[in-house]
Amino acid sequence: AAMASGTGMAALKKELPDQFYDVGIAEEHAAVFAAGLACEGIKPVVAIYSTFMQRAYDCAMHDVCLQNLPVVFCMDRAGLSPNDGATHHGLFDISILRSLPNAIIMQPSNEDELTDMLWTAIEAKAPVFIRYPRGKAEGVKIKDAPQKLELGKAKQLRESDGKLCIWALGNMVGEALKVADMLKEECGVQVGVVDARFVKPLDRELLLKHADENAVIATMEDHVRAGGFGSAVGECLLENNKKCKLEVVGWPDRFIPHGSSVAAIREKFGLGTRQIADKLKMLVK
């Protein structure tokens, strides 16, 4: 939807000009156009900034998800976009899209996992939404060939000692590992860490297992708490009558202002690594 340079699609335009369409700043049209292509057997990939999926919501629901069409939405700037400010922070897309039937929603923790998710999405026979942040990648080596992921399966990175397990989404996985290291060093707690990967479908089997094994489940996401990944986890725990404590780490119910950097804005709202570690430390104590 017009932002070929901002989304990185300019490179694709140069490489595959006959497979590239710039529909202008018209997110609604981008979604409906993609739905039409999908009806004809084409696999369209639609690049839209996360914050502007709001404009295409009606079309994503009625023209894509209702017909269960294999359209892939790549949502750049998911999470903070500090230099762009309140209009561009992608902090609402999960809560906007999670209620849509047939939708698959995922977020990678690094650039290699992103390639796997894009391949998985193209191979899927359903609407897929992939969210990923603005900024530098993690520096992880990308495989020579992507691997197809099993839909709805999280990846456990560390085992817990029964006190706390963190389920982190996307770019918060790295933060969760740092928090786990802090708690190990400062209070001897072995914190479990999970790369959730999928918001929908959620890995309910692994989550319920961890709920039985841990006193506290914490979620971490670069998204508002209202209706986000943590809400999905809470709904699953509630439906299955789990008694563990749930701590949802995410952004408050407000529009987040412009800031000089991601780190500065996180600190301002209590979401710095040290601040999250201190909050979770109180729970495990």
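Residues numbered from 1 in each chain as written. Predicted model: local features only at pLDDT ≥ 70, side-chain atom pairs only at ≥ 80, totals over all residues. Heavy atoms only, no water.

Enquirer: Which parts of the structure should I look at to understand helix H6 (residues 172–187)?
Expert: Note on helix geometry: an α-helix contains 3.6 residues per turn, so any two residues three or four positions apart are oriented the same way. The terminal C-alpha atoms of H6, which comprises 16 residues, lie 22 Å apart, in line with the 22 Å expected from a rise of 1.5 Å per residue. For H6, the full list of buried residues reads Met-172, Val-173, Glu-175, Ala-176, Val-179, Ala-180 and Leu-183. Projected down its long axis, H6 shows its buried positions confined to an angular sector of 150 degrees, all on one face. Buried residues along H6 sit in contact with strand E5 (155–158), strand E6 (164–168), strand E7 (192–195), strand E9 (216–224), helix H9 (262–268) and helix H10 (273–284). Backbone geometry just downstream of H6 places Gly-188 in the positive-phi region, at approximately 70 degrees. (Helix = DSSP H or I, 4+ residues; strand = E, 2+ residues; numbered from the N terminus. Expected span 1.5 Å × (residues − 1). Buried < 20%, exposed > 50% of the residue type's maximum accessible area, 1.4 Å probe, protein only. Arc of directions from axis to C-beta. Contact = heavy atoms within 4.5 Å.)

Enquirer: What is the right way to look at helix H8 (residues 229–239) in this model?
Expert: For H8, the full list of buried residues reads Phe-229, Gly-230, Ala-232, Val-233, Gly-234, Cys-236 and Leu-237. Looking at the buried side of H8, the elements it contacts are helix H4 (93–97), E6, strand E8 (198–200), helix H7 (204–213), E9 and strand E10 (245–251). In the stretch just after H8, Asn-241 is the one whose phi turns positive, near 55 degrees.

Enquirer: Just to check I follow, could you spell out the packing of aromatic side chains for this structure?
Expert: Aromatic rings considered in pairs are described by the distance between their centres and by the relative angle of their planes. In this structure the tally under the stated criterion is 5 aromatic pairs. Considering the side-chain rings of Tyr-49 and Phe-52, the 6.3 Å spacing of their centres and the 25 degrees angle between planes classify their relative orientation as stacked. On the accessibility criterion, Tyr-49 (9% relative accessible area) is buried. The class of Phe-52 is buried, set by a relative accessible area of 14%. With centroids separated by 5.7 Å and ring planes inclined at 65 degrees, the aromatic side chains of Trp-251 and Phe-269 adopt a geometry described as edge-to-face. Residue Trp-251 is found in strand E10, and its partner Phe-269 is found in the loop between H9 and H10; the two are separated by 18 residues along the sequence. Taken as a pair, Trp-251 and Phe-269 share a single burial class, namely buried. Between the NZ or CZ atom of Arg-77 and the centre of the ring of Tyr-49, over which it lies, the distance is 4.2 Å. (Phe/Tyr/Trp six-rings, centres within 6.5 Å; stacked < 30°, edge-to-face > 60°. Lys NZ or Arg CZ within 6 Å of the ring centre and 35° of its normal.)

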